[in-house]
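# Architecture at a glance
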Amino acid sequence: MLDFLKRFAGNRGAVIGALLLVVTLLLAIFSPMLYPQSPWAIAQRPFLEPFTTEGYLMGTDTLGRNVASGLAHGAYISLLIGLISTLVSLAIGIPLGACAGYFGGWVDDILMRVTEFFQVIPTFAFAVVLVAILQPSLTSIITAIALVSWPPVARLLRGEVLALKSREFIEAAQLSGQSSTTIILRQIMPNTLSPVVVMSSMMIATAILTESALSFMGLGDPEIMSWGYMVGAGRTVIRQAWWISFFPGLAILLTVLAFNLIGEGLNDALNPRLRKRG
Amino acid sequence: MLGFLLTRVGKAAVVLLCITVLNFLLIHLAPGDPAMVMAGEAGEADPEFIAQLRAQFGLDRPLYVQLWSYVSSVAQLDLGYSYRQNLPVLDLILQRLPATLLLSLSAFVISLGLGVLAGTIAASRQGKPADTLISTIALLFYATPLFWFALMAVLLFSVKLDWLPGYGFETIRSGYTGMERVLDIAAHLVMPAFTLGLFLMAVYVRMTRASMLEVNKHDYVRTARAKGLRPALIQRRHVLRNAILPVVTLAGLQAGQLVGGAVLIETVFAWPGIGRLMFEALAQRDYNVLLGVFVVSAAMVLMFNLVTDLAYRLVDPRIRTT
């Protein structure tokens, strides 16, 4: 464990990523204390320029809502959606991939056809259609993101399981009479953990991007302030008020960057052999 | 070759069939009455109109009969009717398709060209400032929300610097013809195409760089170096040619990303393509158009995959697997 931390900390990008994530997390946790007022509340006159008025560091939007407050409250929702939708897609992808790899044959055939289908359809367009038809809400957004992002997980798991299946310790477990379920859960799954962890970090990044794109298109949960919504709300007045769109977009960029950097750091730290080769 | 083509077209047809079934399920999953979904109304529709729709689509018949009639009408290229625009959905899409094709293809060429170029430069100067710079930029682009970057590009290049037009397909009522018109459209195309290609460019830079570093370790590269060939020549003739193959494979598979990105980019730049059509359909709750754009964009991605696969087989005759 200590070894792992040392390797992770030795990667400059990973450290920057971790710091960025800590800032975002703190912002998300303390947003109700920093800005107790609802981010939807009209707080000042509209189109207040940034860095001019105390308490309104990032100015106000077209209706006079505090941009900084929206940013803080949006941090929570971005992280929440990123995390939950990734967990849901892991919950779909891991069992499907593990079964395909372990059982092979027609099970593998069918499951991989389904996976291919979901990979070939244009993902963002599918997500848009799903959210629009199910009506925009936290649940429909998470469902849509999870439904478009599980195929790579299934493929990864299948590959890992295929590679592990022929190893001696699995044969030993089979000979000792363990059931398929036990072998998959107890023997195989723990060995696939590190690539799954790396992939999850990258998936959270993609999920945050997808969520922001959906709410930019006006498909966000109407009750929830999110970064994508803020960029979208500033779109039509970009000529007069650059700050309304600029700050939330920058926040998305930095958060997504954080998860990508952490993912790469984890990859190097968990697979030290790979790094030496590259 | 013909056999390969037939299998691939068959597979694509199966995928399209599945998407059609998926669309049908989605219409029935939607909260409320499918007739209202198709009418694009949310509870405010004239009851007589809804009753007429219900009879027209046979919503009182069993589900499998409805599925069959839906699938067969899509198979005959009937994507339904947009009650908002008073036009068949297919006509609406066909009007907009050329703009999207122009945008996506330009973005694809730009991202692949610049991506491979920058990746090659980075790999041949591994660890040096040029490599660090290119890798950092690629990392940033990889994390940038496209729609935000597009807005910022408009702000900088159109509002502040006034170098490029910030929205639309061409200057309206300019009366340009011939070459003048082509140049006008090209000027309008620059920003959307670059911003759409941004994410993919980052992907290709990273792929090319990694792939070239991998190929660099092969024995034949060492032989070439030992022979005393110039480094630039080795990179170009021995390394790049072999390193580019996995990049081309990936390039074809990423086509779906372009179509998805096009929805966002067309929204920002008011580019009159099917992505913008999708955005307008969202605002008007015009579900028929929405589903139609989804089917057509999926068909586009399938076509694109097929073409890149074919190109790949022509470029590299060693590939014989289907």
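None of the values given here were measured: they were computed from a predicted structure.

Reading the values: the criteria
- Residues numbered from 1 in each chain as written.
- Chains lettered and ligands numbered in written order.
- Predicted model: local features only at pLDDT ≥ 70, side-chain atom pairs only at ≥ 80, totals over all residues.
- Heavy atoms only, no water.
- Helix = DSSP H or I, 4+ residues; strand = E, 2+ residues; numbered from the N terminus.
- Buried < 20%, exposed > 50% of the residue type's maximum accessible area, 1.4 Å probe, protein only.
- Contact = heavy atoms within 4.5 Å.
- Areas by Shrake-Rupley, 256 points an atom, 1.4 Å probe, with all protein chains shown as cover.
- Lys, Arg positive; Asp, Glu negative; His and termini not counted.
- Charge placed at Lys NZ, Arg CZ, Asp CG, Glu CD.
- Axes fitted to C-alpha atoms, helices over the stretch in contact; angles between N-to-C directions.
- Parallel < 35°, antiparallel > 145°, perpendicular 65-115°, else oblique.
- Left-handed = near helix turned anticlockwise from the far one by under 90°.
- Nonpolar A, V, L, I, M, F, W, Y, C, P; charged D, E, K, R; others polar.
- Phe/Tyr/Trp six-rings, centres within 6.5 Å; stacked < 30°, edge-to-face > 60°.
- Core = buried A, V, L, I, M, F, W, Y, C linked by side-chain atoms within 4.5 Å.
- Domains from an automatic or database assignment.
- Salt bridge = Lys/Arg side-chain N within 4 Å of Asp/Glu carboxyl O.
- Patch = residues over 30% accessible without salt bridge, like charges linked within 9 Å, V, L, I, M, F, W, Y side chains within 5 Å.
- Expected span 1.5 Å × (residues − 1).
- Bend = angle between axes of the 7 residues up to and from the residue.
- Polar contact = N/O pair within 3.5 Å; in protein donor to acceptor, adjacent residues only side chain to side chain.
- pLDDT = per-residue confidence, 0-100.

Helices and strands together make up the secondary structure of chain B, namely 13 helices and two strands. Dimensions along the principal axes, computed over C-alpha positions, put chain B at roughly 85 × 55 × 40 Å. Across the 322 residues of chain B, 48% fall into the buried class. A separation of at least 24 residues holds for 73% of the contacts in chain B among residues at least 6 apart in sequence. With the model as given, the accessible surface of chain B reaches about 16,000 Å², and the carbon-plus-sulfur share is 65%. Taking the 26 positively charged and 20 negatively charged side chains of chain B as two groups, their mean positions are separated by 20 Å.

Residues and elements named next belong to chain B. Running from N to C, helix 8 (residues 178-215) and helix 10 (residues 231-253) cross one another at 135°; their axes reach a closest spacing of 8 Å. In terms of axis orientation, helix 8 runs oblique to helix 10. As helix 8 packs across helix 10, the resulting crossing turns out to be right-handed. Along its contact with helix 8, which presents Val203, Tyr204, Met207, Thr208, Ser211, Met212 and Val215, the element helix 10 presents Gln235, His238, Val239, Leu240, Asn242, Ala243, Pro246, Val247, Leu250 and Ala251. Broken down by class, the residue content of the contact of helix 8 with helix 10 amounts to 12 nonpolar, five polar and no charged.

Residues and elements named next belong to chain B. Overall, the coordinates contain 17 aromatic pairs over all chains when judged by the stated rule. With centroids separated by 5.8 Å and ring planes inclined at 45°, the aromatic side chains of phenylalanine 24 and tyrosine 70 adopt a geometry described as tilted. Remark: tyrosine 70 occurs in helix 4 (residues 63-75) and phenylalanine 24 occurs in helix 1 (residues 2-29); sequence separation between them is 46 residues. For phenylalanine 24, a relative accessible area of 7% puts it in the buried group. Seen from their ring centres, phenylalanine 141 and phenylalanine 149 are 5.8 Å apart, and the 70° between their planes marks the pair as edge-to-face. On the basis of relative accessible area, phenylalanine 149 is assigned to the partly exposed category, the value being 27%.

A separate point is the environment of threonine 182 of chain A. Residue and element names in this part refer to chain A. Positionally, threonine 182 belongs in helix 9 (residues 180-188). Threonine 182 gets classed as partly exposed once you look at its relative accessible area, which sits at 26%. Distance in space between the C-alpha atoms of threonine 182 and arginine 12 is 40 Å, their sequence separation being 170 residues.

Residues and elements named next belong to chain A. With their axes 7 Å apart at the nearest point, helix 10 (residues 193-216) and helix 11 (residues 227-235) run at an angle of 35° to one another. Helix-helix and strand crossings are classified by hand; for helix 10 and helix 11 the assignment is right-handed. Between helix 10, through Ser212, Ser215 and Phe216, and helix 11, the contact on the second element is made entirely by Gly228, Tyr229, Val231, Gly232 and Arg235. Each residue belonging to the contact of helix 10 with helix 11 can be placed in one class, and the counts come to three nonpolar, four polar and one charged.

Attention now moves to the nonpolar core. Ranked by internal contacts, the top residues of the largest apolar core, which has 152 residues, are Leu214 of chain A together with Phe147 of chain B. Here this core gets 15 residues from one element, more than from any other, and that element is helix 8 of chain B. When residues of this core are sorted by domain, at least three fall in each of domain 1 (17-78) and domain 2 (96-321) of chain B. Setting aside residues no more than four positions away along its own chain, leucine 214 of chain A makes contact with Phe124, Ala127, Val128, Val131, Ile141, Ile145, Leu219 and Gly220 of chain A. One finds Ala98, Val161, Met189 and Met203 of chain A within the second-largest nonpolar core, a separate group that totals 16 residues.

Next up on the list: the pattern of salt bridges. Inspection of every chain in the model, using the stated rule, returns nine salt bridges over all chains. Between arginine 7 of chain A and aspartate 3 of chain A there is a salt bridge; the shortest N-O distance is 3.2 Å. Here the residue arginine 7 of chain A and the residue aspartate 3 of chain A both occupy positions in helix 1 (residues 2-9), the gap between them amounting to four residues, near one helical turn. The partly exposed category is assigned to arginine 7 of chain A, whose relative accessible area is 24%. Residue class for aspartate 3 of chain A comes out partly exposed when judged on its relative accessible area of 49%. Notably, a salt bridge pairs glutamate 280 of chain B with arginine 96 of chain B, separated by 2.9 Å at the nearest N-O pair. Residue glutamate 280 of chain B is found in helix 12 (residues 274-283), and its partner arginine 96 of chain B is found in helix 5 (residues 89-124); the two are separated by 184 residues along the sequence.

Turning to a positive patch on the surface, a few remarks are in order. A contiguous patch of positive charge, built from Arg230, Arg236, Arg237 and Arg241 of chain B, is present on the exposed surface. For arginine 230 of chain B, the position within the fold is in the loop between helix 9 (219-227) and helix 10.

We now examine a nonpolar patch on the surface. Residue and element names in this part refer to chain A. On the surface, Val22, Leu25, Leu26, Ile29, Phe30, Met33 and Leu34 cluster together into a nonpolar patch covering about 660 Å² of accessible area. Looking at where valine 22 falls in the secondary structure, it is placed in helix 2 (residues 12-34). Under the relative-accessibility criterion, valine 22 is labelled partly exposed at 44%.

Next up on the list: helix 2 of chain A. All names here are of chain A. With 23 residues, helix 2 extends 31 Å from end C-alpha to end C-alpha; this agrees with the ideal 33 Å at 1.5 Å per step. At alanine 28, helix 2 is deflected by roughly 40°, the largest bend along its length, and proline proline 32 occurs up to four residues later in sequence. Within helix 2 the residues assigned to the buried category are Gly13, Ala14, Gly17, Leu21, Thr24, Ala28 and Ser31. Its side-chain oxygen 3.1 Å from the backbone nitrogen of glycine 13, asparagine 11 forms the N-cap of helix 2.

Quick look at the confidence of the model for chain A now. Regions with low pLDDT carry predicted coordinates that are not meant to be interpreted in detail. When pLDDT is averaged along chain A, the result is 87, and 97% of the positions lie at 70 or above. Within chain A, the lowest mean pLDDT, 50, falls on helix 13 (residues 272-277) of chain A, and the highest, 94, falls on helix 6 (residues 138-149) of chain A.

Summarising the element assignment, alanine 311 of chain B is placed in helix 13 (residues 287-315). A relative accessible area of 35% places alanine 311 of chain B in the partly exposed class.

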